[in-house]
Amino acid sequence: MDTGRSSIVLFHGVTMSASAWDDVVPYLTDHHDVIALTALGHRGGPTVRQRPTAVRDIVDAAERMLDDRGISKAHLAGNSLGGWMAIELALRGRALSVCALSPAGFWDGGGHGQTDAVRKLRRMGALVALTRRVQPLALRSATVRRLSMRDIACHADRSTPAQALAAATDLLGCTVTDDVLGTVEQIAAVSELPCPITLAWSEKDAILPAAINGRIAQQRFPQARFEILPSVGHVPMIDDPKLVAAAILATTGAVPATADMPSSNPDR
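Given the structure is predicted, the values throughout are model-derived calculations rather than measurements. (Residues numbered from 1 in each chain as written. Predicted model: local features only at pLDDT ≥ 70, side-chain atom pairs only at ≥ 80, totals over all residues. Heavy atoms only, no water.)

J.: Hey, could you run me through the environment of Ala-210 in this one?
T.: Along the polypeptide, Ala-210 turns up in helix α9 (residues 210-220). C-alpha separation for the pair Ala-210 and Thr-160, spaced 50 residues apart in sequence, amounts to 28 Å. Residues within four places of Ala-210 in sequence aside, it is in contact with Trp-201, Arg-215 and Ile-228. (Helix = DSSP H or I, 4+ residues; strand = E, 2+ residues; numbered from the N terminus. Contact = heavy atoms within 4.5 Å.)

J.: Mind showing me how you'd approach the packing of helix α2 (residues 55-68) against helix α3 (residues 81-91) here?
T.: Any two packed helices are characterised by the angle at which their axes cross and by the distance between the axes. It is the contact of α2 with α3, at a shortest axis distance of 10 Å, that shows an interaxial angle of 65°. Judged by the angle between their axes, α2 and α3 are roughly perpendicular. Considering the relative orientation of α2 and α3, their crossing is right-handed. Residues Val-55, Ile-58, Val-59, Ala-62, Glu-63 and Leu-66 of α2 form the contact with α3, whose own contacting residues are Leu-81, Trp-84, Met-85, Glu-88 and Leu-89. Here the residues of the contact of α2 with α3 sort into nine nonpolar, no polar and two charged. (Axes fitted to C-alpha atoms, helices over the stretch in contact; angles between N-to-C directions. Parallel < 35°, antiparallel > 145°, perpendicular 65-115°, else oblique. Left-handed = near helix turned anticlockwise from the far one by under 90°. Nonpolar A, V, L, I, M, F, W, Y, C, P; charged D, E, K, R; others polar.)

J.: In this structure, what is going on with the packing of aromatic side chains? I would like to understand it.
T.: The relation between two aromatic rings is expressed through the spacing of the ring centres and the mutual angle of the planes. Inspection of the entire model under this criterion finds three aromatic pairs. Aromatic side chains Phe-106 and Phe-221 sit 5.5 Å apart centroid to centroid with 85° between the ring planes, which places their arrangement in the edge-to-face category. Note that Phe-106 is positioned in the loop between β4 (95-101) and α4 (115-130) and Phe-221 in the loop between α9 and β6 (225-229), a separation of 115 residues in sequence. Relative accessible area serves as the criterion here: at 1%, Phe-106 is assigned to the buried category. Classification of Phe-221 as buried rests on a relative accessible area of 1%. With a centroid separation of 6.1 Å and 25° between ring planes, the pair formed by Trp-201 and Phe-226 is classed as stacked. Remark: Phe-226 occurs in strand β6 and Trp-201 occurs in strand β5 (residues 197-202); sequence separation between them is 25 residues. Of the residues examined, Trp-201 reaches a relative accessible area of 0% and is grouped as buried. Judged by its relative accessible area of 25%, Phe-226 is partly exposed. (Phe/Tyr/Trp six-rings, centres within 6.5 Å; stacked < 30°, edge-to-face > 60°. Buried < 20%, exposed > 50% of the residue type's maximum accessible area, 1.4 Å probe, protein only.)

J.: What is the right way to look at unusual backbone geometry in this model?
T.: With the exception of glycine, most residues fall at negative phi, and the peptide bonds are largely trans. Along the chain, Arg-51 connects to Pro-52 via a cis peptide bond; the corresponding omega equals -5°. Positionally, Pro-52 belongs in the loop between β2 (33-37) and α2. Within the chain, Thr-15 stands out as a residue other than glycine whose phi angle is a positive 75°. The exposure class of Thr-15 is buried, given its relative accessible area of 14%. Phi is positive for Ser-231, close to 60°, though the residue is something other than glycine. Along the chain, Ser-231 turns up in the loop between β6 and α10 (236-239).

This is the structure:
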């Protein structure tokens, strides 16, 4: 791929798909060639060929997808599991920069910072499975969308019914949920960053709180730029896609810091 512009590759969180970035992509395309990938074992992504599947395997598959597209290095951005993937790819020398949005993988060996996240995500998965038959009708309600996704977004009512249903379908179609949620892997500390890295943590993250997981991330990556994204939940692309795009573009150097770019969130 050689268009004269650098590429930016986007990675979604566990149980989601490339469509998680749909509302963010339009804000990025003036500056970069944008590629949103669906991860191994997720609906629409490469098929898992062995179980259990480790996060390392998912990163390996993502690296192969970069190779298939002729991308040696790119700007990388990811949310949750996707942020973890972006960081691991950077450590393999595949990143020009990384913007990791509330990345997973920053917890300790005793599960501190992981247990509550797993419990909430499993609860969400069980609820989606239990209500799958009524979702096409129920998710027409903005209140239902907001309440059913309250652990990952502050304003899921702003998603369209089609987007909410697609997210539920993605969750049910993910074949590696149990493997990823049960992993004992984590992101190790580094003495030197392989490229510019921004750790952009959601202020109202109920899955991986900044006070716990963000603190661990800062301890392990002290040279990274750390910022709080105001008024958004764990999946900030749902709450404020323009703010997310601003954080990513500031990391790539395409625009100034996020404070200089207006938010699309009317609550701010």
